[in-house]
Amino acid sequence: MSEKYRILFVCLGNICRSPAAEGIMRSMLAAEGLDSTVEVDSAGTYAGHAGDLPDPRMRRAAARRGYELTHRARPLRSDDFERFDRIVVMDDANYEAAHRLAPSRAAAERIFRMVEFCPESGRTYVPDPYYEGHEGFELVLDLLEEGCATLVSELRSRNRN
């Protein structure tokens, strides 16, 4: 890869799932030595939390697994479709919202569902843990770790070619 490959993770408010995916992916990329060739960020389809740190419950759950989540929430923007090679959304509502914002069909082809990278999960979406208890956050982290590991494996293969 000559220039950085860019991945944007997207959920509703950008305070639980997508910043957790960003933090997990950063950690995995660093462990693989790919952090200089891959850039990751996250955003939300709802702008009401813009500027906020991730939900404290998600930060605690992630910290127990060794991930530090420091991202400040921001909304998904149409120019993100030009900046990022892949936009990875957490559920169907995010998928539809991202498609509505995509400036072209070609840009919309960059949108993927996170569960596409979680073949072992049997899930059709990454659930929003916001109104769930501790187990909801743990399930989301399990799914995101699986999905990010699959993405890192793809990037490792791409980097060799």
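Presented here is an overview of the structure given in this document.

Scoring rules and cut-offs
Residues numbered from 1 in each chain as written. Predicted model: local features only at pLDDT ≥ 70, side-chain atom pairs only at ≥ 80, totals over all residues. Heavy atoms only, no water. Helix = DSSP H or I, 4+ residues; strand = E, 2+ residues; numbered from the N terminus. Rg over C-alpha atoms; globule rule 2.2 N^0.38 Å. Buried < 20%, exposed > 50% of the residue type's maximum accessible area, 1.4 Å probe, protein only. Contact = heavy atoms within 4.5 Å. Areas by Shrake-Rupley, 256 points an atom, 1.4 Å probe, with all protein chains shown as cover. Lys, Arg positive; Asp, Glu negative; His and termini not counted. Charge placed at Lys NZ, Arg CZ, Asp CG, Glu CD. Core = buried A, V, L, I, M, F, W, Y, C linked by side-chain atoms within 4.5 Å. Pairing = 2+ DSSP bridges. Axes fitted to C-alpha atoms, helices over the stretch in contact; angles between N-to-C directions. Right-handed = clockwise from strand over helix to strand, strands pointing away. Phe/Tyr/Trp six-rings, centres within 6.5 Å; stacked < 30°, edge-to-face > 60°. Lys NZ or Arg CZ within 6 Å of the ring centre and 35° of its normal.

### Section: the overall build of the chain
Moving on, step 1. When helices and strands are tallied, the chain shows six helices and four strands.
Moving on, step 2. Ordered by position from the N terminus, the helices and strands of the chain form the series β-α-β-α-α-β-α-α-β-α.
Moving on, step 3. Whereas a compact globule of 161 residues would reach a radius of gyration of roughly 15 Å, the chain reaches 14 Å, a difference of no more than 12%.
Moving on, step 4. Within the chain, the proportion of its 161 residues that are buried is 47%.
Moving on, step 5. In the chain, 75% of the contacts between residues at least 6 apart in sequence involve partners at least 24 apart.
Moving on, step 6. In the form shown here, the chain has an accessible surface area of approximately 7900 Å², with 45% of it arising from carbon and sulfur atoms.
Moving on, step 7. Distance between charge centres in the chain, computed from 22 positive and 27 negative side chains, equals 3 Å.

### Here's the deal with the environment of Met25
Moving on, step 1. Within the secondary structure, Met25 is located in helix H1 (residues 17-32).
Moving on, step 2. Classification of Met25 as buried rests on a relative accessible area of 0%.
Moving on, step 3. Sequence-wise, Met25 and Asp35 are ten residues apart; in three dimensions their C-alpha atoms are separated by 9.2 Å.
Moving on, step 4. In contact with Met25, not counting residues within four places along its chain, are Ile7, Phe9, Val40, Cys148, Leu151, Val152 and Leu155.

### So, unusual backbone geometry
Moving on, step 1. A positive phi is found at Asn14, a non-glycine position, where the angle reads about 60°.
Moving on, step 2. One can find Asn14 in the loop between strand S1 (5-11) and H1.

### A short note on the nonpolar core
Moving on, step 1. Within the largest apolar cluster, 36 residues are counted, with the highest numbers of intra-cluster contacts made by Ile7, Phe9, Met25, Met114 and Leu144.
Moving on, step 2. It is helix H6 (residues 134-160) that provides the largest number of residues to this core, a total of nine residues.
Moving on, step 3. If you look at the next biggest cluster of nonpolar residues, it comprises 13 residues, including Leu76, Phe81, Val89 and Ile111.

### Focus on the sheet that holds S1
Moving on, step 1. Taken together, the four strands give an open sheet; going across it, the order is S2-S1-S3-S4, and neighbouring strands pair in parallel fashion. The two strands at the open ends of the sheet, each matched to only one other strand, are strand S2 (38-44) and strand S4 (111-113). The sheet shows a mean angle of 25° between the axes of neighbouring strands, taken without regard to direction.
Moving on, step 2. Sheet topology note: the S1/S2 ladder contains seven bridges and is parallel.

### Brief notes about the pairing of S1
Along a regular strand, successive side chains alternate from one face of the sheet to the other.
Moving on, step 1. A large share of S1 lies buried, amounting to six of its seven residues.
Moving on, step 2. Taken together, S1, H1 and S2 constitute a β-α-β crossover, and its handedness is right-handed.
Moving on, step 3. Strand direction decides the pairing type here: S1 and strand S3 (residues 86-89), joined by four bridges, are parallel. In the strand pairing of S3, Ile7 is matched with Arg86.

### Structural notes on the packing of aromatic side chains
The description of two aromatic rings rests on the distance between their centres and on the angle between their planes.
Moving on, step 1. Per the counting criterion, the structure on display carries two aromatic pairs.
Moving on, step 2. Note that Arg86 overlies the ring of Phe112, its terminal NZ or CZ placed 4.7 Å from the centroid.
Moving on, step 3. Between the NZ or CZ atom of Arg113 and the centre of the ring of Tyr95, over which it lies, the distance is 3.6 Å.

Keep in mind these numbers describe shape, not what the thing actually does.
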